[in-house]
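Listed here are the chains, written in short residue letters.
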Amino acid sequence: MKQASSKTKKQARKEKLWGPFLRLYTRFPIPWAYFLGAVLLGIASTELALKVADLTIRVNKGELYNGVIIAYVLVSILNSLVMGLQNVLAAYGTQKTTLRVRGVVWRAILGLPMKDVEEEGPSNLISCVTNDATQAASALQMLFLSVSSLYALVRACMKMIAFNGQLSLVLLISIPLAVLVFFLAGRLQFIASRRQYEALNTMTAFFSEHIACAKHVKAQGMEEQEIKEGMQAIETRYKADILNVVFGMVQSGLFSLYGKLNTVMIAAGGSRLINTGHMASTGINDFTTYSGKVEQYESDLLTLYQTVKGTQGSLRHVNEILERPAESLDAGSPLGASGDIELQDVRFSFDGDYPVLQGISCTIPYGRRTAIIGGNGSGKSTVMKLLQGFYRPDAGTITLNGQDLAGMNNSLLARQMAVVLTQRVKTELMTCEDVVSTGRYPY
């Protein structure tokens with residue numbers, strides 16, 4: 001029973017990680033033509049690269065004929081041109097994807113309830129549109145390129161086996177290590193990217209808020225305290241970057257160990273084959289040309305896998321936003337005739353604990369000017385948010401001409417509201433009686 005429960009939890013974690021990540025790419029049209037073109041060019045580049053390897057072996061054997069040298073130069077140049085065109089198509093497809101992902105994320109942000117928008121904060125949401133969308137496009141590019149890289153790996157293995165099957169079998173011993181390297185590298189990249197993303201958000205949120213309030217910091221003589229808190233935010237990113245460097249060193253070390261192990265096995269196995277007369281004296285050199293291609297394409301696949309896992313870590317926040325239910329602006333009943341707005345025993349708190357409004361009851365008469373006056377934090381802005389339908393009261397009701405705002409169509413309600421936000425404060429002082437008698441108010 002415990003094993004079944006553990007298996008279910010593991011599947012749930014995978015769904016939470018892979019499910020939203022893959023669903024992201026169903027939310028917009030993928031520019032297939034560019035990526036498929038890049039894949040086909042990658043396959044052509046593989047064949048040309050293997051042809052270059054064949055010619056390299058012939059040159060190493062002393063076949064310095066004009067035909068061999070000219071073919072080597074021409075094939076090398078053609079391979080470079082094909083790789084360049086492949087990069088152009090992949091880059092263009094990536095930019096198209098970035099454009100579309102940003103549109104999807106922007107639409108999702110605008111569809112969030114106002115409560116979620118304010119909880120997330122501007123800096124976090126800005127980062128989702130500007131930075132995270134780029135990560136999503138890079139991962140898609142890598143997924144497509146992995147097809148040509150996998151093809152290249154298979155073709156290189158076929159060439160290597162065709163050259164010497166016995167020595168190729170020796171390399172099978174290193175396969176478990178290769179699998180371990182892939183798994184650990186991907187896992188470490190996921191953790192490092194997630195930490196860097198979280199640290200970047202922490203630092204960006206701190207400075208975007210505190211720099212905007214610099215005048216208040218100076219007015220209250222809080223520079224030293226702000227410097228201390230700012231350095232803590234900077235240190236958070238510093239630790240995340242150090243962790244990324246350490247993980248990178250571990251990944252490089254593992255792959256280097258894998259490469260050295262292959263070299264030792266080729267040298268040991270090749271020497272034995274040469275001594276028994278089953279391989280020419282130059283066989284190890286020639287075999288290394290093909291095995292080097294195999295290691296190159298394995299390295300390419302490892303890089304692609306690291307990129308995808310790193311992107312998963314960076315996109316967790318974006319995917320959480322995209323998975324949230326969007327606010328339904330068209331739900332609710334149509335608005336009736338205009339009339340008085342009435343608040344009856346309205347209570348509201350943002351966090352569920354501290355009440356911002358408590359037992360508010362009043363009438364805003366239709367066709368007249370009404371001023372809501374109070375000190376900072378008294379609830380003026382909160383009342384406006386409730387009137388616009390951004391939030392719902394915890395208790396009590398708000399009605400328009402007797403119709404409860406909670407059941408109204410939010411889109412139609414928003415079109416009936418006009419809000420002007422300003423930071424300008426007039427110096428003249430006005431009493432409540434002045435506001436009522438003149439119809440003027442300072443804000």
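Whatever comes next refers back to the structure up there.
Residues numbered from 1 in each chain as written. Predicted model: local features only at pLDDT ≥ 70, side-chain atom pairs only at ≥ 80, totals over all residues. Heavy atoms only, no water.

### A look at a nonpolar patch on the surface
Logical step 1: A contiguous nonpolar patch, built from Val59, Leu64, Ile69, Tyr72, Val73, Ile77, Leu78 and Leu81 and spanning about 690 Å² of accessible area, is present on the exposed surface.
Logical step 2: A per-element tally of the nonpolar patch places helix α3 (residues 66–110) first, with six residues.
Logical step 3: Following the sequence through the fold, Ile69 ends up in helix α3.
Logical step 4: The class of Ile69 is partly exposed, set by a relative accessible area of 38%. (Patch = residues over 30% accessible without salt bridge, like charges linked within 9 Å, V, L, I, M, F, W, Y side chains within 5 Å. Areas by Shrake-Rupley, 256 points an atom, 1.4 Å probe, with all protein chains shown as cover. Salt bridge = Lys/Arg side-chain N within 4 Å of Asp/Glu carboxyl O. Helix = DSSP H or I, 4+ residues; strand = E, 2+ residues; numbered from the N terminus. Buried < 20%, exposed > 50% of the residue type's maximum accessible area, 1.4 Å probe, protein only.)

### A word on the sheet that holds strand β3 (residues 395–400)
Logical step 1: The four strands lie next to each other as β2-β1-β3-β4, forming an open sheet whose pairing is antiparallel. This sheet does not close on itself; its edge strands, each paired only once, are β2 (357–364) and β4 (403–404).
Logical step 2: Pairing between strand β1 (residues 341–348) and β3: five bridges, direction antiparallel. Bridging from a neighbouring strand, Arg347 pairs with Ala395 of β3.
Logical step 3: Running over the sheet, helix α12 (residues 380–387) touches β1, β2 and β3 and is turned about 115 degrees from β1. (Pairing = 2+ DSSP bridges. Contact = heavy atoms within 4.5 Å. Axes fitted to C-alpha atoms, helices over the stretch in contact; angles between N-to-C directions.)

### Remarks on the environment of Pro365
Logical step 1: With respect to the helices, strands and loops of the structure, Pro365 is situated in the loop between β2 and α12.
Logical step 2: Along the sequence, Pro365 and Glu342 sit 23 residues apart, while their C-alpha atoms lie 8.3 Å from each other.
Logical step 3: The residues contacting Pro365, other than those within four sequence positions of it, are Asp340 and Thr370.

### Describing the side chain of Gln86
Logical step 1: Secondary-structure assignment places Gln86 in helix α3.
Logical step 2: Judged by its relative accessible area of 11%, Gln86 is buried.
Logical step 3: Not counting the four nearest positions on each side in its chain, Gln86 is found in contact with Ala38, Leu41, Gly42, Leu145 and Ser148.

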